[in-house]
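Given next are the chains, with one letter for each unit.
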Amino acid sequence: MAHREQIQNLSSDIHTVDPVWERIRKEAGEAHSEEPMLGGLLHSTVLHHKSLAQALGYRIALKLASGEMSEQLLREVADDVYTRNPDILQAARADLVAVEERDPACHRLLQPLMFFKGFQAIQAYRIGHALWVEGRKDLAYFFQMRVSEAFGIDIHPGARIGRGIMIDHAHSIVIGETAVVGNNVSMLHSVTLGGTGKEDEDRHPKIADGVLIGAGAKVLGNIKVGHCSRIAAGSVVLQEIPPCKTVAGVPAKIVGEAGCDQPSVTMDQLLSGKQALPVDAQDS
């Protein structure tokens, strides 16, 4: 009987091992040694907590707190959502790894949690989305408002966003209510996934897995962007994009193949070779 209990306890310990969190804690300790002036922040944000859920809840509450809602209340909301929605924490881990893999300015998993507003905004959105799905829409709208005010990123809580998301720089991102973003998508600052008018139904873009969206690109209307495609910086996309293509221009047109299997991972935004066709080449 005692042997069985030992096995059960061991299984429980294995189940709770979180290598992402353990690495963040290790990096926080290293950062503390390197920059003692950040010791208090590192301790309160990371080292004081026992799990990634607790650290995320604390960080998001700290960033979104205002005179309208206290840090304590926001942390209670976040902790409750994480307890009932463990899939959100799995998405957060995938987002952390995505940022580290794709952003050359990121050298530690600690950085997105502590300093990158793209990662922080997505995690706050995920809480708001969970509230939206539960029918707590007013509180979800509050999260949307504070994310917009705190980070300069406006994501409607009704939008559906997958995991492994990397938003680089992140300033002025807008994602509408009926937008859908797949897994392993990367986008840069000033991207808009918007509508084209006053439609009240399904009116926003559907971005498939593995898509790379360049800085300042606008994707408008209820259109599909095929998996592993690339949208060049500054493009305005008004029509459906097939999978594995590169589009550029205003309005955007197909200018070549995507150039690789995973453009959102390689983050290669240069048009070269067959991809450097003029935007009207497909019409010739």
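Scroll up to find the structure this text is about.
A brief structural summary. It should be emphasised that the depicted structure is a prediction, and the values quoted were computed from it without experimental measurement.

**Concerning helix 2 (residues 19-34)**
Because an α-helix completes one turn every 3.6 residues, residues spaced three or four positions apart along the sequence face the same direction. The end-to-end C-alpha distance of helix 2 is 22 Å, a good match for the 22 Å that 16 residues give at a rise of 1.5 Å each. Buried within helix 2 are the following residues: V20, W21, I24, E27, A28 and A31. In a view along the axis of helix 2, the buried residues occupy a sector of 120 degrees, so they form one face of it. Exposed residues pointing more than 90 degrees away from the buried face of helix 2 are listed as P19, K26 and S33.

**Observations concerning the sheet that holds strand 13 (residues 236-237)**
Strand order in the open sheet formed by five strands is 1-4-7-10-13, with parallel pairing between adjacent strands. Each edge of the sheet is formed by a strand with only one pairing partner; in this case those strands are strand 1 (154-155) and strand 13. Examined bridge by bridge, strand 1 and strand 4 (residues 174-175) share two bridges and lie parallel to one another. Opposite I155, over in strand 4, you have I175 as the bridge partner.

**Notes on the pairing of strand 14 (residues 245-248)**
For strand 12 (residues 230-231) and strand 14, the ladder comprises two bridges, and the chain directions are parallel. Directly across from R230, in strand 14, lies its bridge partner T246. Note that strand 14 and strand 15 (residues 253-257) share four bridges and pair antiparallel. Paired with A248 across the bridge in strand 15 is K253. Here strand 14 folds back onto strand 15 in antiparallel fashion, the turn holding four residues, of which G249 has a positive phi close to 110 degrees.

**What about the pattern of salt bridges?**
Evaluation of the coordinates by the stated rule reveals 13 salt bridges. Taking the shortest distance from any N to any O, the salt bridge between R23 and E27 comes out at 2.8 Å. You can see R23 and its partner E27 sitting in helix 2, four residues apart, about one turn around the helix. When the shortest N-O distance is used, the salt bridge between D95 and R126 registers 2.9 Å. With D95 in helix 6 (residues 86-102) and R126 in helix 8 (residues 117-133), this pair connects stretches of sequence that are 31 residues apart. Three or more residues are tied together by salt bridges with common partners; here these are K26, E30, E34 and R108.

**Some remarks on the packing of helix 2 against helix 3 (residues 39-47)**
A pair of packed helices can be characterised by two numbers: the angle between their axes and the separation between those axes. Closest axis-to-axis distance for the helix 2/helix 3 pair is 10 Å, and the angle between their directions is 170 degrees. Classified by the interaxial angle, the pair formed by helix 2 and helix 3 is roughly antiparallel. From helix 2, W21, I24, R25, A28, G29, A31 and H32 reach across to helix 3, where they touch G39, L42, V46 and L47. Its residues placed into classes, the contact of helix 2 with helix 3 shows seven nonpolar, three polar and one charged.

**Quick notes on the environment of D80**
Checked against the element boundaries, D80 lands in helix 5 (residues 71-84). Once the C-alpha coordinates of D80 and G57 are considered, the two residues, 23 residues apart in sequence, prove to be 9.4 Å apart.

**Some remarks on the sheet that holds strand 5 (residues 180-181)**
One open sheet holds the four strands; their spatial order is 2-5-8-11, and the pairing between them is parallel. One side of each edge strand has no neighbouring strand; the edge strands of this open sheet are strand 2 (160-161) and strand 11 (224-225). As paired elements, strand 2 and strand 5 share two bridges and run parallel to each other. Across the sheet, the residue bridging to R160 is V180, located in strand 5.

**Comments concerning the packing of helix 5 against helix 8**
In the contact formed by helix 5 and helix 8, the axes pass within 10 Å of each other and the chain directions differ by 70 degrees. Considering their axes alone, helix 5 and helix 8 lie roughly perpendicular with respect to each other. Contacts between helix 5 and helix 8 involve V77, A78, V81 and Y82 on the former and, on the latter, Q123, I127, A130 and L131. Residues that form the contact of helix 5 with helix 8 fall into these classes: seven nonpolar, one polar and no charged.

**Considering the side chain of E27**
We classify E27 as buried; its relative accessible area is 5%. Residues in contact with E27, not counting those within four places in the same chain, are R108, L109 and L110.

**Some words on the nonpolar core**
A general feature of soluble globular proteins is that nonpolar side chains tend to end up buried together. Core analysis: the largest hydrophobic core is formed by 70 residues, its most contacted members being I24 and L193. For this core, the elements supplying multiple residues, two or more each, are helix 2, helix 3, helix 4 (52-64), helix 5, helix 6, helix 7 (110-115), helix 8 and helix 9 (137-151). A total of nine residues in this core trace back to one element, the largest contributor, which is helix 8. Once residues lying within four places of it in the same chain are set aside, the contact partners of L193 are V174, I175, G176, A179, V181, M187, H204, P205, I207, I213 and V219. V99, M166, L212 and M267 belong to the second-largest nonpolar core, a separate cluster that totals eight residues.

Rules behind the numbers
- Per chain, residue numbering runs from 1 following the sequence as it is written.
- Note on the predicted model: pLDDT of at least 70 is required for a residue's local features to be given, and 80 or more for side-chain atom pairs to be given and counted; whole-chain, interface and lining totals, by contrast, use all residues.
- To get the side-chain values, all heavy atoms of the structure are used, and hydrogens and water are removed first.
- In this description a helix means any DSSP run of H or I spanning at least four residues, a strand means any run of E spanning at least two, and both kinds are numbered starting from the N terminus.
- Between the first and last residue of a helix there are one fewer steps than residues, each counted as 1.5 Å, and that sum is the expected span.
- Buried residues are those whose accessible area, probed at 1.4 Å on protein chains only, stays under 20% of the maximum for their type, while exposed residues exceed 50% and partly exposed ones sit between those limits.
- This arc is taken over the directions from the axis of the helix to the C-beta atoms.
- Any two strands are treated as partners once DSSP identifies two or more bridges connecting them.
- Here, a salt bridge means any Lys or Arg side-chain nitrogen found within 4 Å of an Asp or Glu carboxyl oxygen.
- Axis definition: a line fitted to C-alpha atoms, over the contacting stretch in the case of helices. Angles run 0 to 180 degrees between N-to-C directions.
- Working definition: roughly parallel below 35 degrees, roughly antiparallel above 145 degrees, roughly perpendicular at 65 to 115 degrees, and oblique for all remaining angles.
- We call two residues in contact when some of their heavy atoms are within 4.5 Å.
- Each residue gets one of three labels, nonpolar for Ala, Val, Leu, Ile, Met, Phe, Trp, Tyr, Cys and Pro, charged for Asp, Glu, Lys and Arg, and polar for the others, Gly among them.
- As used in this record, nonpolar core signifies buried Ala, Val, Leu, Ile, Met, Phe, Trp, Tyr and Cys residues forming a set joined through side-chain atoms within 4.5 Å.

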